[in-house]
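Inside the fold
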Amino acid sequence: MLNINVNELGSFATKLAKEAGRLSIVLREKPLELQTKRSASDLVTFVDKYIEEYLINEILKKYPDHGVIGEEGTFKKDISNTETVWIIDPIDGTTNFVHDRGHYAISIAIVHKDIELIGIVYDPIHDELFYGEKDKGAFYNDKKIEITSKSSIQESLIGVIMFWDNPKTKEQMDSRIIKLARDSRGLRINGCASLDICHVALGRLDAYISAILQPWDFAGGKIFLEQAGGLVTHIGGDKINIKSQGSIVACNPGIQKKLLSILEN
Ligand code: IPD
Ligand code: CA
Ligand code: CA
C-alpha cells in the first residue's frame, strides 16, 4: 500500500502543469532576458526560472516533505532520503519557446519510494495534456489511450536529436542515424524531448531517440508513454533509472527490437 493519495496528487500536479503553461504564454510577451548555459545553443530565459520557482513553491506549500529535481537547480535540499520526488522541466524546448515556434512543454514526473507514479507533459500552445499514472493508464486530454502497434521500420517516423548538442555523440552516432534515415519513413528533429516521447503514444511519431538526456527532459514522457504501452530504454536496451541522465530510445513496442539492432550495429 502506498502511503500517499495518488488521485489528489495527480489532480494537483495537473493543475500546476496547466497553470505553468498559462504563465508561459503570458510571460512570453515580456523581454525574455535570454542567457546561455553550457553552450551557445543551451538557452535559458527568465520564464524557465520563474516557472520552476512557481512550481517548487506550490509543491512545497502543499507537500513540505516532498523533494524536487529541476532543470534550473532552484531546489537546493538534499533529496537522498526523500520519499516523494518531483522531476520537473519548467520549459522543455526552450529554444522553440525563444523562437516562438510552439512545440515546448511543461514536464512533471512524480516518483514515490522509487515507484514511477505519475507523468505529466503539458503543451500549452495546443492545450494538450498527456497524463500517465501507474496502474491507471495513459490519458490524452482525459481520454484513455493505448498505443497502436506497428511492426515496420519502413513505415515509421522517427524523432532524433543527435545531430547537434554534443560533437562527440555526433561522431559516434552519425552512421547509425544515416542508416535509420534510409530505412525509415523519415527523421524529425523537433527540439522538445518530452513532447516527442508523448507523441509516440499517439502515433505522431513511432520512436524518439536521443544520445543523451537529463531526467527532467524524459521523466514525465517516459511514465506517460509506458502507461500507454510504449517502451523506453537506453540505446543498448538497458532499463532506465529515471533519476539519472542517459541515452533514450522511446518507441512503439512493435519496432523496438529492429530499432535497437540498427542503433547497436
Ligand atoms: C532540451 C530539449 C531538446 C533536447 C535537449 C534538451 P531544454 O531541453 O528537450 O529536445 O534535444 O537535449 O536539453 O533545454 O529545452 O529544456
Ligand atoms: Ca529539457
Ligand atoms: Ca528546460
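Residues numbered from 1 in each chain as written. Chains lettered and ligands numbered in written order. Predicted model: local features only at pLDDT ≥ 70, side-chain atom pairs only at ≥ 80, totals over all residues. Heavy atoms only, no water.

In this section: the environment of Val-85. Within the element layout of this structure, Val-85 appears in strand β4 (residues 84-92). For Val-85, a relative accessible area of 0% gives the class buried. Along the primary structure Val-85 and His-199 are separated by 114 residues, whereas in three dimensions their C-alpha atoms are 25 Å apart. Excluding anything up to four places from it in sequence, Val-85 contacts Gly-67, Ile-69, Ile-79, Ala-109, Ile-110, Val-111 and Lys-243. (Helix = DSSP H or I, 4+ residues; strand = E, 2+ residues; numbered from the N terminus. Buried < 20%, exposed > 50% of the residue type's maximum accessible area, 1.4 Å probe, protein only. Contact = heavy atoms within 4.5 Å.)

Below, the discussion takes up the sheet that holds strand β11 (residues 186-188). Pairing in this open sheet of 5 strands is mixed, and the strands run β11-β10-β12-β14-β13 from one edge to the other. Here the strands that pair on one side only, and so sit at the sheet edges, are β11 and β13 (231-233). Looking at each pair of strands side by side, their axes are set apart by 20° on average, direction ignored. In terms of strand pairing, strand β12 (residues 207-213) meets strand β14 (residues 246-251) through 5 bridges, oriented antiparallel. The residue bridging Ser-210 from the neighbouring strand is Ile-248, located in β14. Those strands touched by helix α5 (residues 193-202) are β10 (157-160), β12 and β14, and its axis lies near 150° from that of β12. In this fold helix α6 (residues 215-227) packs onto β12, β13 and β14, with an angle of close to 145° to the strand it touches most, β13. (Pairing = 2+ DSSP bridges. Axes fitted to C-alpha atoms, helices over the stretch in contact; angles between N-to-C directions.)

A few words now on the sheet that holds strand β8 (residues 137-140). A sheet is described by the order of its strands in space; here 7 strands give the open sequence β3-β4-β5-β6-β7-β8-β9, paired in mixed fashion. Since the sheet does not close on itself, it has two edges, and those belong to β3 (67-70) and β9 (143-145), each with one partner. Here the strands of the sheet are splayed against their neighbours by 20° on average, with no regard to which way each runs.

Functional significance is not addressed by these values, which are geometric in nature.
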